[in-house]
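Take a look at the letters that make up each chain.
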Amino acid sequence: MNPKNSQKVALVTGSSKGIGQAIAKRLAKEGYFVYVTYHENEKGGKLTLDEIKQNGGEGDVWKLDVSDEKSVVKIMDLIMNKFGHLDVLVNNACRDISKSMEESSLEEWKLAFDTKVHGAWLCTKHAISLLQKSKNPNVIIISSNADERPDKEILSYAVATGALNTFFKAVSVHLASEYGIRVNAVMPGQVRTDNWGELRNDDKLWGKFAEDNPLKRVAKVEDIADAVPILINDPHRFLNGNMFFVNGGGHLT
Ligand SMILES: NC(=O)c1ccc[n+]([C@@H]2O[C@H](COP(=O)([O-])OP(=O)(O)OC[C@H]3O[C@@H](n4cnc5c(N)ncnc54)[C@H](OP(=O)(O)O)[C@@H]3O)[C@@H](O)[C@H]2O)c1
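Residues numbered from 1 in each chain as written. Predicted model: local features only at pLDDT ≥ 70, side-chain atom pairs only at ≥ 80, totals over all residues. Heavy atoms only, no water.

Looking at the pairing of strand β6 (residues 182-188)
With 7 of its 7 residues buried, β6 lies for the most part within the structure. The side-chain alternation of β6 yields two buried faces, one formed by R182, N184, V186 and P188 and the other by V183, A185 and M187. In terms of strand pairing, strand β5 (residues 138-142) meets β6 through 5 bridges, oriented parallel. Residue pairing for β6: I141 is matched across the bridge by A185. In this region the chain leaves β5, passes through helix α6 (residues 155-179) and returns to the parallel neighbour β6; the handedness of that crossover is right-handed. Across 4 bridges, β6 lies against strand β7 (residues 243-246) in parallel orientation. Looking at β7, one finds that P188 is bridged to V246. (Buried < 20%, exposed > 50% of the residue type's maximum accessible area, 1.4 Å probe, protein only. Helix = DSSP H or I, 4+ residues; strand = E, 2+ residues; numbered from the N terminus. Pairing = 2+ DSSP bridges. Right-handed = clockwise from strand over helix to strand, strands pointing away.)

Rendered as structure tokens:
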């Protein structure tokens, strides 16, 4: 068999830090050649790849703006030319500004939509032909239930998450029925990453999140990363359209 075709390949958007970085490292441990991507933080992207290689994994690092179609097409072309297929696409990238409606500009409001919604749409759309060539094609969408009780301070994030969850429901049916591609969403609870801006440093807030959680802690990035192989390695390959909560049961409180 051509080694190019037997190599498992994954693309993780926004893997220069946080949850995406942990997922990239986890998939490399599973034997995937991982396309690590950064948007602004080149150093972080290279660090992710270095850590993958130090642990015996394989991958490459590229700049990717998920909201720019040319940038998305470029990375898909790279993968097509090197491997001819993609096994796992993880739509993880996100940028948003935590501000109320009164404080936000239109540009700030659009950030979460550009990355979460338009980004997931663009990456999924342009990955379909590559995923179709995989023996076990999977799309993972990193989302949340932030849309259920939308907080006014994270309004754009919450509304974009609602749109992303609707997109997820639609594509998990569409891609499975048309192409046999499974699509599952991983729903983290609060994870202490840069996504929280200044609130990342608020020990009191993180103490409260842990106290309110049924398991009395908040999620680590590794908790979220470990959920991804569970979904893609499903021995029966029947897991599709699941919103897989990785939050200690926090969504039920
Ligand atoms: N943290 C939480 O509590 C939490 C909870 C539920 C769901 N989530 C979701 O989990 C995902 C990851 O969150 P995180 O907390 O790990 O965030 P993070 O630490 O802020 O990381 C965000 C990543 O997205 C990348 N990114 C930003 N804009 C981009 C663009 N236009 N194109 C491509 N990549 C871009 C960043 O790249 P650069 O830094 O290189 O620019 C970075 O790698 C997000 O979708 C988030 O909504 C997070």
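And the narrative resumes.
Topic: the packing of helix α2 (residues 18-29) against helix α8 (residues 221-232)
As a packed pair, α2 and α8 sit with axes 8 Å apart at the nearest point and diverge in direction by 50°. It follows from the interaxial angle that α2 and α8 lie oblique. Considering how the two elements wind past one another, α2 and α8 form a crossing that is right-handed. Of the residues in α8, those in contact with G18, I19, A22, I23, R26 and L27 of α2 are V221, E222, I224, A225, D226, V228, P229 and I232. (Axes fitted to C-alpha atoms, helices over the stretch in contact; angles between N-to-C directions. Parallel < 35°, antiparallel > 145°, perpendicular 65-115°, else oblique. Left-handed = near helix turned anticlockwise from the far one by under 90°. Contact = heavy atoms within 4.5 Å.)

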